[in-house]
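# Survey of secondary and tertiary structure
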Amino acid sequence: MTISAPSPPADPAPPVSSPAAAPSSAPAPPPGAAPRPQRGPVLAAAALLAALAALAGEAQGATGFHAAGLGALAGVALYHARFGFTAGWRAMTRERRGAGLRAQMLLIGLIACASFPLMEWGAAAGVPARGHILPMGLASALGAAMFGLGMQLGGGCASGTLYTAGGGSARMGVTLVFFVAGSVIATAHWDFWAALPRTRAGVSLRAELGALGGLAALLAGLGAVAAWSWAAERRAHGRAEGLGALTAGSGLRGPWSLLAGALALALVGAGCFALLGRPWGVTAGFALWGAKAAQGLGFAPEGWSYWSGWRAEQLSAPIWRDATSVMNLGIMLGALAASGAAGRFSPRLRLGLRDVLTAAAGGLLMGYGARLAYGCNIGAYLGGLTSGSLHGAWWMVFGAAGSWAGVKARARLGMD
């Protein structure tokens, strides 16, 4: 079967290091034939995932197993569907192609249809879930804009960085290292940013309008964004692309359509509320990894105010006690398995200077910006909106502004 409409370009790395584009050392398949599955990456991913789930399960109980499984599902879906926030925003800005943006609206809406009832009535059914209702202010606006700029320079968002690095992209491995560095550097400056003006509390659609009213308001807003992108694409091209057929491609080997990717990732997002009791998050794990690395290098992040309180215990524990870290590692392993199943795991380690510098700059901007903005495209944007918090819309506005600047910067740097 074929996908009924083309998907936007993959989020992450340019062809020089993309796992989908790098040449394989194995004999080339006949023209038109799909690459052969690679057993090595698949088996390695399966073994590492089993070890991760065992460690996390011992440390956290069922939550650890769930985090590893949800992460692996996310990694497979992100890789096979090439589901990216960065590429979707870039395609809309540069080409007026809005399928990627509409897929994001669908994803958020599907998760919200599960998260709002769970937050409202889940506790009575033995499935307690809470959202993240956070304030809006100068620091979070600046952080979201920094993240938007960084994801265009780095070549991927938070989830995009994880799945492409796991799938074999050397360039995105550089982005990930500097993403982690930027995250921990921001925690060292936390007192300054926390003192800037902001609202006293967050604004919850569920609290203001009730569970059903808040959900209806959110779905109306998402529908308006999708309709705007559809109309803009039709004006520019005469027609608007669909999201592809649900049954397109192979379930195990891909490729998946954007529709299939959105549905699979909606299971991940809803699963986070149902099984972990909270929205999906990514970059808090990066800050933790960076802080542990800083300790290894002789720094003392435990003395920084960011790492006080409950975070002090988190900093002193192994990373498999942290559900966000376990899920992040699961994403990378899921993508590794997916790339092997697709026969496309073939990293190229040679990178040009521009690739290294833009990946480093993008990673630092995303890491630093995510801490200021209470998260990234997953934790703040998707997680905020599916919690019914207006800080998710706040992040979207300023993140889109930064992304627009990043698209312009990519053109000036010759990255496209």
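Being a predicted model, the structure only gives us computed values, none of them experimental.

### Overview of the overall build of the protein
Within the protein, the regular secondary structure consists of 16 helices and 0 strands. Along the three orthogonal principal directions, the C-alpha set of the protein runs to about 60 × 50 × 50 Å. Expressed as a percentage of contacts within the protein between residues at least 6 apart in sequence, the contacts between residues at least 24 apart total 82%. About 16,800 Å² of surface is accessible on the protein, with carbon and sulfur atoms providing 67% of the total. In the protein, 29 positive and 13 negative side-chain charges are present, and the distance between their average locations comes to 9 Å.

### Regarding the packing of aromatic side chains
The description of an aromatic ring pair rests on the distance of the ring centres and on the angle between the ring planes. Inspection of the entire model under this criterion finds 15 aromatic pairs. One aromatic cluster is present, built from ring pairs that chain together Phe83, Phe85, Trp89, Phe147, Phe179, Phe286, Trp289, Tyr381 and Trp395. Cation over ring: Arg82 sits above Tyr79, and NZ or CZ is 4.2 Å from the ring centre. Positioned above the aromatic ring of Tyr306 is the side chain of Arg311, whose terminal nitrogen or guanidinium carbon lies 3.9 Å from the ring centre.

### Some thoughts on the layout of surface pockets
Estimated volume of the largest pocket: approximately 760 Å³. Around the largest pocket, the lining is made up of 30 residues, and of these His132, Ala284, Trp310, Arg311 and Thr324 lie nearest the centre. Elements that contribute at least two residues to the lining of the largest pocket include exactly α11 (283–296), α12 (310–316) and α13 (323–341). Considering every element that reaches the lining of the largest pocket, the biggest residue donor is α12, with 4 residues. Residue composition of the lining of the largest pocket, grouped by class: 15 nonpolar, 8 polar and 7 charged.

### With respect to the nonpolar core
Counting residues in each nonpolar core, the largest one holds 82 residues, and the members touching the most others are Phe83, Leu107, Phe147, Trp280 and Tyr381. Residue contributions to this core peak at 11 residues, all from helix α4 (residues 99–121). Discounting chain neighbours no more than four positions away, the residues touching Trp280 are Ala74, Leu265, Val268, Cys272, Met327, Ile331, Ile378 and Gly379. Among the nonpolar cores identified, the runner-up in size contains 8 residues, and Trp190, Leu288, Tyr306 and Leu315 belong to it.

### Quick word on the environment of Ser387
The residue Ser387 is located in the loop between α15 (377–386) and α16 (390–412) in this model. Sequence-wise, Ser387 and Arg278 are 109 residues apart; in three dimensions their C-alpha atoms are separated by 8.6 Å. Once residues lying within four places of it in the same chain are set aside, the contact partners of Ser387 are Phe116, Met119, Gly131, His132, Ile133, Phe273 and Pro279. A distance of 2.9 Å separates the side chain of Ser387 from the backbone nitrogen of His132, its partner in a polar contact.

### What to know about unusual backbone geometry
Cis geometry marks the peptide bond from Gly254 to Pro255; its omega dihedral reads -5 degrees. Examined against the element boundaries, Pro255 turns out to sit in the loop between α9 (205–237) and α10 (258–276). Its identity is not glycine, yet Arg82 carries a phi of approximately 50 degrees, on the positive side. By the element assignment, Arg82 lies in the loop between α2 (62–81) and α3 (85–95). Positive phi outside glycine occurs at Tyr374, with the angle close to 65 degrees. Along the chain, Tyr374 turns up in the loop between α14 (353–372) and α15. With a relative accessible area of 24%, Tyr374 lands in the partly exposed category.

### Concerning helix α1 (residues 39–60)
Taking 1.5 Å as the rise per residue, α1 with 22 residues should run 32 Å; its terminal C-alpha atoms sit 31 Å apart, in good agreement. Turning to α1, its buried residues number three or more, namely Pro41, Ala45, Leu52, Ala53, Ala56, Gly57 and Gln60. Angular distribution of buried residues about the axis of α1 spans 125 degrees; they occupy a single face of the element. Opposite the packed face of α1, turned more than 90 degrees from it, sit the exposed residues Arg39, Leu43 and Glu58. At its buried positions, α1 is contacted by α2 and α13.

### Some details on empty space enclosed by the protein
In the structure shown here, the tally under the stated rule is 1 cavity of 30 Å³ or more. For the lining of the largest cavity, the secondary-structure elements that each account for two or more residues are α5 (138–154) and α8 (190–194). A breakdown of the residues in the lining of the largest cavity according to their chemical character gives 9 nonpolar, 2 polar and 1 charged.

### Points about the packing of α5 against helix α7 (residues 170–188)
Packing of α5 against α7 leaves a shortest axis separation of 11 Å and a crossing angle of 150 degrees. In terms of orientation, α5 and α7 fall into the roughly antiparallel class. Where α5 abuts α7, its residues Phe147, Leu153 and Gly154 lie against Arg171, Met172, Thr175 and Phe179. For the contact of α5 with α7, the class distribution of residues is 4 nonpolar, 2 polar and 1 charged.

### Let's talk about the pattern of salt bridges
Applying the stated criterion across every chain yields a total of 8 salt bridges. Among the ionic pairs, Arg94 bridges to Glu95, the shortest N-O distance being 3.0 Å. What makes Arg94 partly exposed here is its relative accessible area of 37%. Among the salt bridges present, the one from Glu120 reaches Arg206, with a minimum N-O distance of 2.8 Å. A residue pair is termed long-range when its members are at least 10 positions apart, and Glu120 in helix α4 and Arg206 in helix α9 qualify at 86 residues. Judged by relative accessible area, Glu120 falls into the partly exposed class, the value being 37%. Here the residues in one salt-bridge network are Arg94, Glu95, Arg410 and Asp416, joined through shared partners.

Reading the values: the criteria
- Residues numbered from 1 in each chain as written.
- Predicted model: local features only at pLDDT ≥ 70, side-chain atom pairs only at ≥ 80, totals over all residues.
- Heavy atoms only, no water.
- Helix = DSSP H or I, 4+ residues; strand = E, 2+ residues; numbered from the N terminus.
- Contact = heavy atoms within 4.5 Å.
- Areas by Shrake-Rupley, 256 points an atom, 1.4 Å probe, with all protein chains shown as cover.
- Lys, Arg positive; Asp, Glu negative; His and termini not counted.
- Charge placed at Lys NZ, Arg CZ, Asp CG, Glu CD.
- Phe/Tyr/Trp six-rings, centres within 6.5 Å; stacked < 30°, edge-to-face > 60°.
- Lys NZ or Arg CZ within 6 Å of the ring centre and 35° of its normal.
- 1 Å grid on protein atoms, 1.4 Å probe; cavity = no way out; pocket = protein on both sides within 12 Å on 5 of 7 lines; lining within 4 Å.
- Points joined across faces, edges and corners; volume = space filled by probe spheres on them.
- Nonpolar A, V, L, I, M, F, W, Y, C, P; charged D, E, K, R; others polar.
- Core = buried A, V, L, I, M, F, W, Y, C linked by side-chain atoms within 4.5 Å.
- Buried < 20%, exposed > 50% of the residue type's maximum accessible area, 1.4 Å probe, protein only.
- Polar contact = N/O pair within 3.5 Å; in protein donor to acceptor, adjacent residues only side chain to side chain.
- Expected span 1.5 Å × (residues − 1).
- Arc of directions from axis to C-beta.
- Axes fitted to C-alpha atoms, helices over the stretch in contact; angles between N-to-C directions.
- Parallel < 35°, antiparallel > 145°, perpendicular 65-115°, else oblique.
- Salt bridge = Lys/Arg side-chain N within 4 Å of Asp/Glu carboxyl O.

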